There are 2 protein chains.
Amino acid sequence: MSESIYVGVDLGGTSIKVGICNQEGQLLLTHEGPTETEKGVHIVVDNIVKYVHEIVEKSPYDWDQLVGVGAGVAGFTNVVEGIIILAPNIGFRDVPIRSLLEERLGKPVKIDNDANVAALGEVWSGAGRGVDNCICYTLGTGVGGGIILNGKIYQGFSGLAGEIGHVSVVPDLEAIQCGCGKKGCLETVSSATGIIRMANDAVARGDRTTLATVENMNAKEVFDAAKAGDEVAVRIVNRAAFYLGKSMAIVAAVLNPEVFIVGGGVSYAGDILFNEVREVYAKLTPDPLQRGVSILPALLGNNAGVVGAAGLHLRS
Amino acid sequence: MSESIYVGVDLGGTSIKVGICNQEGQLLLTHEGPTETEKGVHIVVDNIVKYVHEIVEKSPYDWDQLVGVGAGVAGFTNVVEGIIILAPNIGFRDVPIRSLLEERLGKPVKIDNDANVAALGEVWSGAGRGVDNCICYTLGTGVGGGIILNGKIYQGFSGLAGEIGHVSVVPDLEAIQCGCGKKGCLETVSSATGIIRMANDAVARGDRTTLATVENMNAKEVFDAAKAGDEVAVRIVNRAAFYLGKSMAIVAAVLNPEVFIVGGGVSYAGDILFNEVREVYAKLTPDPLQRGVSILPALLGNNAGVVGAAGLHLRS
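Residues numbered from 1 in each chain as written. Chains lettered and ligands numbered in written order. Predicted model: local features only at pLDDT ≥ 70, side-chain atom pairs only at ≥ 80, totals over all residues.

### Re the overall build of chain A
Phase 1 of the analysis: When helices and strands are counted, chain A shows 9 helices and 13 strands.
Phase 2 of the analysis: Against the compact-globule benchmark of 20 Å for 316 residues, chain A has a radius of gyration of 20 Å, which places it among compact chains.
Phase 3 of the analysis: Each principal axis of the C-alpha atoms in chain A carries an extent, and together these give about 60 × 45 × 35 Å.
Phase 4 of the analysis: A burial count over chain A gives 53% of its 316 residues as buried.
Phase 5 of the analysis: When contacts within chain A are restricted to residue pairs at least 6 apart in sequence, long-range pairs at least 24 apart make up 63% of them. (Helix = DSSP H or I, 4+ residues; strand = E, 2+ residues; numbered from the N terminus. Rg over C-alpha atoms; globule rule 2.2 N^0.38 Å. Buried ≥ 20, exposed ≤ 12 C-beta atoms within 10 Å, placed from the backbone. Contact = placed C-beta atoms within 7 Å.)

### Some remarks on the pairing of strand β6 (residues 83-87) of chain A
Residue and element names in this part refer to chain A.
Phase 1 of the analysis: Here 3 bridges tie strand β5 (residues 76-78) to β6, and the two strands are oriented antiparallel to one another. Following the sheet pairing, Thr 77 is matched in β6 by Ile 84.
Phase 2 of the analysis: Here β5 folds back onto β6, and the loop between the two strands holds 4 residues, one of which, Gly 82, carries a positive phi near 75°.
Phase 3 of the analysis: Where β6 lies against strand β7 (residues 92-95), 3 bridges are found, and the strand directions are antiparallel. Within the sheet, the bridge partner assigned to Leu 86 lies in β7 and is Arg 93. (Pairing = 2+ DSSP bridges.)

### Description of helix α8 (residues 271-284) of chain B
All names here are of chain B.
Phase 1 of the analysis: A rise of 1.5 Å per residue sets the reference length of α8, with its 14 residues, at 20 Å; its end C-alpha atoms lie 20 Å apart and thus fit the reference within 8%.
Phase 2 of the analysis: Of all the residues in α8, the buried ones are Leu 273, Glu 276, Val 277, Arg 278, Val 280, Tyr 281 and Leu 284.
Phase 3 of the analysis: Structurally, α8 contributes buried residues whose contacts are with α7 (231-255) and β13 (294-297). (Expected span 1.5 Å × (residues − 1).)

### Things to note about the sheet that holds strand β8 (residues 109-113) of chain B
Residue and element names in this part refer to chain B.
Phase 1 of the analysis: One open sheet holds the 5 strands; their spatial order is β3-β2-β1-β4-β8, and the pairing between them is mixed. Each edge of the sheet is formed by a strand with only one pairing partner; in this case those strands are β3 (27-34) and β8. Neighbour-to-neighbour, the strand axes of the sheet open up by a mean angle of 20°, direction not taken into account.
Phase 2 of the analysis: Of the pairings in the sheet, the one linking strand β4 (residues 66-73) to β8 comprises 5 bridges and is parallel in character. Counterpart to Val 73 in the pairing with β8 is Asn 113.
Phase 3 of the analysis: Helix α2 (residues 97-105) contacts β4 and β8 of the sheet and is inclined by roughly 145° relative to β8. (Axes fitted to C-alpha atoms, helices over the stretch in contact; angles between N-to-C directions.)

### Remarks on the interface of chain A and chain B
Phase 1 of the analysis: Contacts between the two partners involve 33 residues from chain A, matched on the other side by 33 residues from chain B.
Phase 2 of the analysis: Of all the elements, helix α7 (residues 231-255) of chain A adds the most residues to the side of chain A that touches chain B, at 6 residues.
Phase 3 of the analysis: Tallied by class, the residues present in the side of chain A that touches chain B amount to 20 nonpolar, 8 polar and 5 charged. (Nonpolar A, V, L, I, M, F, W, Y, C, P; charged D, E, K, R; others polar.)

### Description of the sheet that holds strand β4 (residues 66-73) of chain A
Residue and element names in this part refer to chain A.
Phase 1 of the analysis: A sheet is described by the order of its strands in space; here 5 strands give the open sequence β3-β2-β1-β4-β8, paired in mixed fashion. If you trace the sheet from one side to the other, it starts and ends with β3 (27-34) and β8 (109-113), each paired once. Averaged over all pairs of adjacent strands, the angle between strand axes in this sheet comes to 20°, irrespective of strand direction.

### What to know about the packing of helix α5 (residues 192-205) of chain A against α7 of chain A
Residue and element names in this part refer to chain A.
Phase 1 of the analysis: The geometry of α5 relative to α7 is characterised by a closest axis approach of 10 Å and an angle of 145° between their N-to-C directions. The interaxial crossing formed by α5 with α7 has right-handed handedness. Across the interface between the two elements, Gly 194, Ile 195, Met 198, Ala 199 and Ala 202 of α5 pack against Val 232, Ile 236, Arg 239 and Ala 240 of α7.
Phase 2 of the analysis: The residue inventory of the contact of α5 with α7, partitioned by class, reads 7 nonpolar, 1 polar and 1 charged. (Left-handed = near helix turned anticlockwise from the far one by under 90°.)

### Section: the relation of the copies chain A and chain B
Phase 1 of the analysis: Once chain A has been moved 0.0 Å along the axis and rotated by 180°, it coincides with chain B to within an RMSD of 0.1 Å. One copy is carried onto the other by what is essentially a two-fold rotation axis. Judged by C-alpha distance, Pro 171 of chain A is the residue of chain A that lies nearest the rotation axis, at 3.1 Å.
Phase 2 of the analysis: Here 100% of the interface residues in chain A have copies in chain B that are interface residues too; the copies meet face to matching face. (Least-squares fit on C-alpha atoms with pLDDT ≥ 70 in both.)

### A word on the packing of α7 of chain A against helix α8 (residues 271-284) of chain A
Residue and element names in this part refer to chain A.
Phase 1 of the analysis: At a closest axis distance of 8 Å, the pairing of α7 and α8 adopts a crossing angle of 45°. Regarding the angle of α7 to α8, the classification is oblique. The handedness of the crossing between α7 and α8 comes out as right-handed. Counting all contacts with α7, which are made through Val 237, Asn 238, Ala 241, Phe 242, Leu 244, Gly 245, Lys 246, Met 248 and Ala 249, the residues of α8 involved are Ile 272, Leu 273, Glu 276, Val 277, Val 280, Tyr 281 and Leu 284.
Phase 2 of the analysis: Residue composition of the contact of α7 with α8, by class: 12 nonpolar, 2 polar and 2 charged. (Parallel < 35°, antiparallel > 145°, perpendicular 65-115°, else oblique.)

### A short note on helix α6 (residues 219-227) of chain A
All names here are of chain A.
Phase 1 of the analysis: Buried residues of α6: Ala 219, Val 222, Phe 223, Ala 225 and Ala 226, and no others. Considered in projection along α6, the buried side chains sweep an arc of 160° and stay on one side of the axis.
Phase 2 of the analysis: In this structure, the buried side of α6 is in contact with α5, α7 and α8. (Arc of directions from axis to C-beta.)

The following block contains the structure:
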């Protein structure tokens with residue numbers, strides 16, 4: 001029982017999930033509790049501290065074995081200063097979370113945004129285990145990205161690297177406005193939001209599709225209809241897959257990664273999505289950049305965040 | 001005279017250029033001689049060794065002050081093994097240049113490809129001096145790229161990172177075939193070759209342009225005509241600039257670099273190119289990715305290669 005342990009914190013708007021990992025990135029235990037954002041910053045910090053203590057107490061490990069705590073948060077973070085600049089879901093703005101937690105826990109703390117820690121989790125002990133250069137996509141409400149180069153999270157000049165959802169891939173004639181203010185971003189077509197929009201548009205246009213009877217459209221309904229052979233649904237899934245594959249061809253020419261990992265709700269579509277993405281990638285990527293390259297589904301699911309956050313002390 | 005010096009070698013098909021840099025990347029002396037590729041690998045290696053000795057002899061420095069020698073070459077290199085895999089201009093295939101040179105020079109040797117060493121040169125002591133994260137474009141016959149992340153050359157999984165010329169930017173309807181086998185690559189529109197092709201196409205179509213009287217079209221003629229107000233030439237320059245700026249917007253979303261540096265023959269066009277590139281970048285890039293970011297012309301010209309090669313020992 002003398003091995004080192006690392007605690008990861010996934011700080012969400014509704015709940016805070018904490019997990020213990022060993023130094024190989026194996027997730028040994030998880031624990032969860034409410035965030036209580038409505039009670040303000042200090043109570044949220046109190047809750048994090050409480051859950052970290054609770055998980056170590058209910059584990060077979062001693063507090064002394066805990067090397068460090070990492071936290072991932074949906075929002076803008078300054079990883080150098082350890083500050084959450086803006087996390088709308090939690091109501092945090094300019095919160096020096098690292099120093100607050102270090103003072104209360106007496107352990108070193110590191111932070112990063114949710115897309116980066118999820119990417120690190122997958123590379124540490126998920127689909128990209130052992131891979132040095134890897135690009136992770138998270139296809140959910142939006143399209144998030146995390147870039148792992150030489151085994152570590154790559155931040156960029158101002159901490160904004162990995163905004164893969166805002167790579168422009170849709171030609172102007174078909175492009176729609178993105179939330180970022182620009183047009184044609186990957187996020188407009190390959191996120192769950194994009195897929196739902198394309199489905200609703202098809203129904204509104206009067207296309208013949210089983211989706212016309214769906215009441216609250218979601219991405220899973222579209223994938224299920226596509227799997228059942230609905231042609232309109234297949235067309236929508238292929239379009240989402242096409243632009244995802246096209247973005248990977250672009251990223252490959254720049255960064256020559258070994259693995260692309262795709263996670264988030266949309267990735268649960270499985271083969272119907274991945275087969276098409278791989279086909280498009282092969283079609284649009286120069287041969288030398290295809291050799292040895294894999295496009296893989298994420299493995300850790302909702303645990304990627306706690307695992308990657310725990311890994312911040314070893315891999316950042 | 002006790003300071004350390006580094007020798008950089010720019011191994012070209014016609015001539016070999018060598019240069020001495022101090023540890024701040026200042027180029028102190030250059031020297032040049034014929035490559036003599038027609039005489040085979042061993043004579044080319046003899047020539048490199050000879051020119052390295054000659055430049056140190058004619059400098060005020062002692063051989064003992066020489067810390068290491070770096071070489072840049074147009075072609076595919078295995079930087080880990082120190083092998084030139086294929087350099088068609090020099091007639092090298094699978095040449096273990098590092099061990100050949102180390103044996104003859106008795107100094108540590110490092111190698112890399114020409115685009116990477118040029119990028120390193122610009123970051124070490126050129127337009128990107130002091131910058132950690134920087135993307136360098138070389139617009140010549142093709143479009144080459146070098147990526148500097150955290151102050152060092154980024155190689156990618158199989159040493160192919162920085163193939164920015166093969167980022168797909170031209171919409172399918174207007175895309176033409178690229179030498180890489182794919183369509184719509186940046187290289188098809190923003191290289192000298194692409195600019196000359198667009199000019200020849202315009203003339204062949206019968207567009208009203210002063211370029212119609214040019215005999216051997218080159219990129220400089222097109223830029224000169226554009227500067228003189230020729231509308232067809234302006235349209236061509238703007239198109240080359242548009243796709244260059246578009247590619248930078250894409251790269252920015254992925255890598256969030258601080259500086260883009262543009263070198264190579266086409267970059268001598270100056271403001272007529274750079275002003276348009278900056279405008280397009282501003283239009284296509286989400287605001288946070290524009291803040292603090294510069295698009296700059298390369299400063300070292302033809303010396304970027306020797307400077308960057310000399311820097312391989314400090315920055316790779």
